[in-house]
Amino acid sequence: MALPTVQRPMRHTDPAEEAALLDAIERWLDKVVRPQVMKLEHDDIYPHEMVKDMKEMGLFGAVLDPEWGGLGLSSSTYAKIVMQISTVWMSLTGIFNSHLMMAMLVEKYGSPEQKQRLLPRMATGELRGGIGLTEPDAGTDLAGIRTRAVRDGDHYVINGTKTWISNGIEGNCFAVLVKTDAAAEPARRGLSMFIMEKGPGFTVSRKLEKLGYKGIDSAELVFDNYRVPANNLIAAEGDGFYCAVGGLELGRINVAARGAGIAKAALDESVKYAQMRKTFGKPIAQHQAIQLKLGEMATRVEASRLLVEAAAQAYDAGRRCDMEAGMAKYFASEAGLENAMEAMRIHGAYGYSKEYPIERLLRDAPLMCIGEGTNEMQRIIIARQLVERNPI
C-alpha cells in the first residue's frame, strides 16, 4: 500500500522577496562564480567557498518550512533559482538539490522526533548530504536493489554498496534505500528508507570520474556491518519505495530546471557570439541558417521554462505531479542537450575549445537526460498517467 498523500501548506513566495533573492544570487554569480567556474570545472575542484556562500544564503534549507529554519520557498521560486545558477555552473545546483531531496523526505514522511532532531541541522547544512538509491546493478529499477538491512535490537545492520551518490565524499548524512524483506512480493514492498550518518562501517570507497558535472563529488558508498538506529527509519518498514518516489518529484523539477538553465546558457552565448562573428562581410546572426537555429533554441528555452513552472505549481499545490514533473524533466533536459549541440555548431571551432563555456555545456547536458530517472522512463510515466487520469 502506498503512503498516504502528505498535504503540504500551499507555498507562495512574495514577488518582491523572490525578486530580491534572485537579484542577490545573480550578483553572487557575477562576483564569485563566473570568474572561477572555468578553472574549478576543468580541474574538477570541489567549490568549498561557494558551498559556504550557499549555506549563508539559506539554499540548503530553501524549500524547508521556516519552523525548521528553512526559507520556506515555493518550488516555483526554487526552480527559478536552480535555472539561474545552472546558466553559470550547473554543478552547484546538484550540491544543494541532492541534500534537499533528503531533507524533504524527513519533512514529508518523518516522525515528529525525527523532524525536531534532523531538520534544523539540515536547514543550516550542518547535516549535509543526499539520497542513496542507485547501486551497481540497480538504477531506474529500484526494486532490484541489494543493500540489506537486518534488524538487531534497537538497530539495523546494513551491508551493501551504493554508487553515483552526489555529495558522497563531502556530505555526512544520507537517506538510503535498503531491502528489509528479501521475500516480499512485489519486491518494492520489501524496501525501506533510513537516514544514515557517516560512522564506523559506513565508508566512501572512491570518487567516480565523470564526463561532465565536475566539481561536485559523485562517489561509491560502502556499508559493512554498519549499525543505524531503528529510530532513523523513515515512515515504516516497506514504505521505502514510496518515500523514494515522493522525493523524486522535487528532484525531477530540479533536473528540469537545470536542463532549462543549460539550454538558456547555450542560447545566450550563441546570440552574443552570432553578433560578433562575421563571415562573408556580415555577422553570422544575419545568415538565415543561424537564424533558424537561434529561433529553435529560443523556443526550447521558453517551452522548458513554462513546463518547469507548471510542474512546480502542481507540486506547490500539493497535487500529484509525476506526470507534470516527468514532462518538464523530459523536455527541458532534451532541450539542454539540443541547444548545447547547436551552440557548438554556431561557435564552430571555438565551441570545441576549452576557452569557451560551450564544451562544458555539452558535457553537462547529457546527465540531465539520465539523472532522476531516464527520459525513456519519463515518457512511460507520462503515458501511464494520461491513461489513469483519462479513463473511458
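Visitor: Got a sec to walk through the overall build of the protein? Specific residues and values, please.
Guide: Helix and strand counts for the protein come out as 11 helices and 10 strands. A compact globule built from 392 residues would reach a C-alpha radius of gyration of about 21 Å, and the protein, at 21 Å, matches this within 12%. With the principal axes as the frame, the protein shows a C-alpha extent of 80 × 55 × 45 Å. Here the protein, with 392 residues, has 56% of them falling under the buried criterion. When contacts within the protein are restricted to residue pairs at least 6 apart in sequence, those whose partners lie at least 24 apart make up 75%. In the form shown here, the protein has an accessible surface area of approximately 16,800 Å², with 55% of it arising from carbon and sulfur atoms. Charged side chains of the protein number 47 positive and 50 negative; the gap between the two group centres comes to 3 Å.

Visitor: Account for the environment of M57, naming residues and giving values.
Guide: Considering the arrangement of structural elements, one finds M57 in the loop between α3 (48-56) and α4 (75-109). Along the backbone, M57 and K264 are 207 residues apart, and their C-alpha atoms lie at a distance of 24 Å. The residues contacting M57, other than those within four sequence positions of it, are I25, W28 and L71.

Visitor: Outline the environment of E18, supporting the account with residue identities and numerical values.
Guide: Tracing the sequence through the fold places E18 in helix α1 (residues 15-33). Judged by its relative accessible area of 14%, E18 falls in the buried class. Those residues in contact with E18 that sit more than four places away from it in its chain are T13, T77 and K80.

Visitor: Can you lay out the nonpolar core for me, pointing to particular residues and giving the numbers?
Guide: Residues M122 and M193 are the most contacted members of the largest nonpolar core, which totals 101 residues. Counting residues in each nonpolar core, the second largest holds 16 residues, with A149, V176, V178 and L233 among its members.

Visitor: So what's going on with α3? Residues and values would help.
Guide: The periodicity of an α-helix, 3.6 residues per turn, causes residues three or four positions apart to be oriented the same way. Turning to α3, its buried residues number three or more, namely M50, V51 and M54. All buried residues of α3 fall inside an arc of 105 degrees around its axis, so they share one side. Turned more than 90 degrees from where α3 packs its buried face, E49 and E56 sit exposed. Where α3 is buried, its residues meet α1, α2 (37-42) and α4. A positive backbone phi angle near 85 degrees is found at G58, which sits one or two residues after α3.

Basis of the calculations
- Residues numbered from 1 in each chain as written.
- Predicted model: local features only at pLDDT ≥ 70, side-chain atom pairs only at ≥ 80, totals over all residues.
- Heavy atoms only, no water.
- Helix = DSSP H or I, 4+ residues; strand = E, 2+ residues; numbered from the N terminus.
- Rg over C-alpha atoms; globule rule 2.2 N^0.38 Å.
- Buried < 20%, exposed > 50% of the residue type's maximum accessible area, 1.4 Å probe, protein only.
- Contact = heavy atoms within 4.5 Å.
- Areas by Shrake-Rupley, 256 points an atom, 1.4 Å probe, with all protein chains shown as cover.
- Lys, Arg positive; Asp, Glu negative; His and termini not counted.
- Charge placed at Lys NZ, Arg CZ, Asp CG, Glu CD.
- Core = buried A, V, L, I, M, F, W, Y, C linked by side-chain atoms within 4.5 Å.
- Arc of directions from axis to C-beta.

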